[in-house]
Amino acid sequence: MDDMTPRGPIALDGPVASGKSTVGLGIARRLGWTFIDTGLLYRVVGLLALRIEPPARSDESLERIAVEAEMRIDSMSVHVNGEDVTALIHSAEVAQMASRVAELSPVRRALVTKQREMAAQAGGSVVMAGRDIGTVVLRDAPIKIYLDASPEARAGRRFAEEHARGTPRTFTDVLADLRERDRRDAERADSPLRPAPDARRLVTDSLSVEQVIDRVLDHVRGN
Ligand code: C5P
């Protein structure tokens, strides 16, 4: 480790489609660190919740899922209880369910424990993205970044991603879904989405991914 090697972890928060995964992965690659997108854990619980009958979907059964599911996240691939669910967790339906289960404190508690274990395994050389990383999960992180952009810019990026994946919705649907998930994240009682007081806020509407990564790395290196 030389003087230019920053001390981790890096906490990266922000609303839906603010670029956390793309930027977080880019930063982690440039530093040779691990990237953990914590939204994937909430999506896994959302996916497993959708597989049980609605009447059985009590808070207790969702908590049990969050506690007992054995999750493995490797960059962008996700395994749960040995099953590769990477291709299943990016649907709008799973995202909506993830956003609902994320309101439940027992689910959050279980997932925060898993996230802290994952960060500890990476020995601090980790970029962790989510909604409550700087405020709750890694509140002692020396570097905290809060990425933001207008709802229209974020919906535009998500719309383009869905087109590339071949699962497009209309722009209006993407924007409405994004606003609803943002509202739930901001208004929930437990760990609502907000920048940590010591976070650097970056508004990315008119920036490319590379420009955002460069700005974060400049900040990380104290420039
Ligand atoms: O980031 P992503 O959109 O994949 O996250 C899915 C959902 O999980 C979000 O809508 C949010 O409600 C929830 N989430 C959370 N806390 C995190 C990460 C994600 O509440 N740290």
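Refer to the preceding data block for the structure.
Sequence order sets the numbering: in each chain, residues are counted from 1 along the sequence as written. Side-chain atom pairs in this predicted model are given and counted only at pLDDT of 80 or more, local residue features only at pLDDT of at least 70, and totals for whole chains, interfaces and linings cover all residues. Side-chain measures were taken over the full set of non-hydrogen atoms in the model, leaving aside hydrogen atoms and water.

1. What about the overall build of the protein?
Secondary structure counts use DSSP, requiring at least four H or I residues in a row for a helix and at least two E residues in a row for a strand, with both numbered from the N terminus. Counting secondary structure elements, the protein contains nine helices and eight strands. Only C-alpha atoms enter the radius of gyration, while the globule expectation follows 2.2 Å times N to the 0.38, with N the number of residues. By the compact-globule yardstick of 17 Å for 223 residues, the protein fits well, its C-alpha radius of gyration being 17 Å. Oriented by its inertia axes, the alpha-carbon framework of the protein measures out at about 55 × 40 × 30 Å. Classification of the 223 residues of the protein by burial places 50% in the buried group. Think of it in three bands: with a 1.4 Å probe and only protein chains considered, a residue is buried below 20% of the maximum accessible area for its type, exposed above 50%, and partly exposed in between.

2. Describing the site of the ligand
Any residue with a non-hydrogen atom lying within 4 Å of a molecule or strand is treated as near it. Surrounding the ligand, one finds 14 residues, the nearest of these being Arg43, Arg108, Arg131, Arg181 and Asp185. Between the ligand and the protein, one listed contact pairs an oxygen atom with a side-chain N or O atom of Arg43 at 2.6 Å. Identification of polar contacts relies on pairs of N or O atoms within 3.5 Å, with a donor-acceptor requirement for protein atoms, meaning one able to donate a hydrogen and the other able to accept it, and with residues adjacent in sequence counted only if both atoms are side-chain atoms. With respect to the ligand, the side chain of Arg131 contributes an N or O atom lying 2.8 Å from an oxygen atom. Looking at the shell around the ligand, the elements that each hand over two or more residues are α2 (39-50), α4 (92-101) and α8 (171-187). Ten residue types, Ala, Val, Leu, Ile, Met, Phe, Trp, Tyr, Cys and Pro, are classed as nonpolar, four, Asp, Glu, Lys and Arg, as charged, and the remainder, Gly among them, as polar. Among the residues making up the shell around the ligand, the classes are represented as three nonpolar, four polar and seven charged.

3. A short note on the packing of aromatic side chains
Pairing of aromatic rings covers Phe, Tyr and the six-membered ring of Trp, with a centre-to-centre limit of 6.5 Å; geometry is then stacked below 30 degrees between planes, edge-to-face above 60, and tilted otherwise. Evaluation of the coordinates by the stated rule reveals one aromatic pair. Where Phe159 meets Phe171, the ring centres are 6.2 Å apart and the plane angle is 80 degrees; that geometry is what we call edge-to-face. On the criterion of sequence distance, the pair formed by Phe159 in helix α7 (residues 151-165) and Phe171 in helix α8 is long-range, its members being 12 residues apart. The partly exposed category is assigned to Phe159, whose relative accessible area is 25%. Judged by relative accessible area, Phe171 falls into the partly exposed class, the value being 33%.

4. Structural notes on the environment of Arg165
Tracing the chain through its elements places Arg165 in helix α7. Arg165 gets classed as partly exposed once you look at its relative accessible area, which sits at 47%. Between the C-alpha atom of Arg165 and that of His90, which follows or precedes it by 75 residues, the distance is 9.8 Å.

5. Examining the sheet that holds strand β5 (residues 83-84)
Should DSSP find at least two bridges between two strands, the strands are regarded as paired. An order of β3-β4-β5 is seen for the three strands of this open sheet, with the pairing classed as antiparallel. Looking at strand neighbours, the two that pair on one side only are β3 (71-74) and β5, the edges of this open sheet. Direction of pairing for β3 relative to strand β4 (residues 77-80): antiparallel, over a ladder of four bridges. Among the inter-strand pairings, Met71 is bridged to a residue of β4, identified as Val80. The sheet strands contacting α2 are β3 and β4, and the helix crosses β3 at an angle near 135 degrees. Any two residues having at least one pair of non-hydrogen atoms within 4.5 Å are treated as being in contact. Axis geometry follows a simple rule: fit a line to the C-alpha atoms, using only the stretch in contact for helices, then measure angles between N-to-C directions, giving values from 0 to 180 degrees.

6. Details of the pairing of β3
Judged by which residues are buried, β3 turns out to be one-sided: Met71 and Ile73 face inward and are buried, whereas Arg72 and Asp74, on the alternate face, are not. Between the end of β3 and the start of β4, which pair antiparallel, lie two residues, with Ser75 showing a positive phi angle near 55 degrees.

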